[in-house]
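# Residue-level structure breakdown
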Amino acid sequence: MIRIHHEGFRILLQTLIILGLINFLAIWLSDMEWLENSVLFLSLVVYILVLQFFRNPKRFPPQGDDIVIAPADGKIVAIEEIEEPEYFKKKMLQISIFMSPLNVHVNRYPVPGTVKYSQYHAGAYLVAWHPKSSTLNERTAVVVETPSGIEVMHKQIAGAVARRIINYAKVGSKAIQGADCGFIRFGSRVDIVLPLDANILVKVGDKARGGEQILAELK
């Protein structure tokens, strides 16, 4: 059975009502059976696509203060050293995960600890794989301090299609590794910002599995 994320309940109901009205009009205004069947088939395809977008599969996160797990499903498109301008204001390592519309869009805490920083930024809607999307696009930035005192940032970044970023992290709240920390609608990107001495365990091109795959080890 498909588990549906609560962020999708309202949209799924609205979609069902709209598609129902379209099918009612097709039956009422037309006496062509092929047209009615075509409208019904297309409606089912649309609803299944929306349904799978809001799926929320059960994940079994590994636990550890010194490991960083993937905050989202998707393809790892960049692993690079950056000058982080917002919070750390120094050189850090960044792993970027691109989420297509077909990926699971639940975002999860990559490390356990306490939320030290949570900020929303309005911005542009460049394609999510654009190098400047991390600093120019609409985004959120969240920093969690692990029990061992290491701070890790994750950023939700809107893309050309994604226009709704949902962030649950509140400053001072507890971050449970692998638990929901937000949701992005219809494709986007998530960045994880780590200390320079982190041991990266993945490479560009790998497929990340949110809430389960270990991306890096902290020292």
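The following paragraphs examine the structure supplied in this document. Model, not experiment: these values are computed from the prediction.

### Concerning helix H2 (residues 33–53)
Between its terminal C-alpha atoms H2 stretches 31 Å, which fits the 30 Å expected from 21 residues at 1.5 Å a residue. For H2, the complete set of buried residues consists of Val39, Ser43, Val50, Gln52 and Phe53.

### A word on the sheet that holds strand S8 (residues 165–167)
As summarised here, the arrangement of the three strands in space is S4-S10-S8, forming an open sheet in which the pairing is antiparallel. Both edges of this open sheet fall to strand S4 (106–108) and S8, since each of them pairs with a single strand only. Geometrically, the sheet is characterised by an average inter-axis angle of 20 degrees between neighbouring strands, direction not taken into account. Relative to strand S10 (residues 180–184), S8 runs antiparallel, the two being bridged by three bridges. Residue Asn167 lies in a different strand from S10, and its bridge partner there is Gly182.

### Thoughts on a nonpolar patch on the surface
Together, Phe41, Leu42, Val45, Leu49 and Leu102 make up an exposed nonpolar region whose accessible area comes to about 510 Å². Relative to the assigned elements, Val45 resides in helix H2.

### Overview of the pairing of strand S7 (residues 151–158)
Across the eight residues of S7, seven count as buried, placing the element largely inside the fold. Of the pairings in the sheet, the one linking strand S6 (residues 139–145) to S7 comprises seven bridges and is antiparallel in character. Bridged to Thr140 within S7 is Gln156. Remark: five residues form the turn of the hairpin made by S6 and S7, two consecutive strands paired antiparallel; Gly149 in that turn has positive phi of roughly 90 degrees. Direction of pairing for S7 relative to strand S11 (residues 188–194): antiparallel, over a ladder of six bridges. Pairing of Met153 across the sheet is with Val193, part of S11.

How each quantity is defined
- Each chain carries its own residue numbering, running from 1 in the direction its sequence is written.
- Restriction of local features to residues with pLDDT of at least 70 applies here, the model being predicted, together with a cutoff of 80 or more for giving and counting side-chain atom pairs; totals for whole chains, interfaces and linings are based on all residues.
- Hydrogens are left out, water is left out, and the side-chain values use all remaining heavy atoms of the structure.
- To qualify as a helix, a DSSP run of H or I must reach at least 4 residues; to qualify as a strand, a run of E must reach at least 2; elements of each kind are numbered from the N terminus.
- To estimate the expected span of a helix, subtract one from its residue number and multiply by 1.5 Å.
- Burial classes: relative accessible area under 20% of the type maximum marks a residue as buried, over 50% as exposed, and values in between as partly exposed (1.4 Å probe, protein chains only).
- At least two bridges found by DSSP between two strands is the condition for calling them paired.
- Angular values range over 0 to 180 degrees, each being the angle between N-to-C directions of two axes fitted as lines to C-alpha atoms, with helices fitted over their stretch in contact.
- Patch membership requires more than 30% relative accessible area and the absence of a salt bridge. Residues of like charge join within 9 Å; the nonpolar side chains Val, Leu, Ile, Met, Phe, Trp and Tyr join within 5 Å.
- For the area figures, the Shrake-Rupley method with a 1.4 Å probe applies, and any residue is considered shielded solely by the protein chains shown.
- By salt bridge we mean one thing: a side-chain nitrogen of Lys or Arg within 4 Å of a carboxyl oxygen of Asp or Glu.

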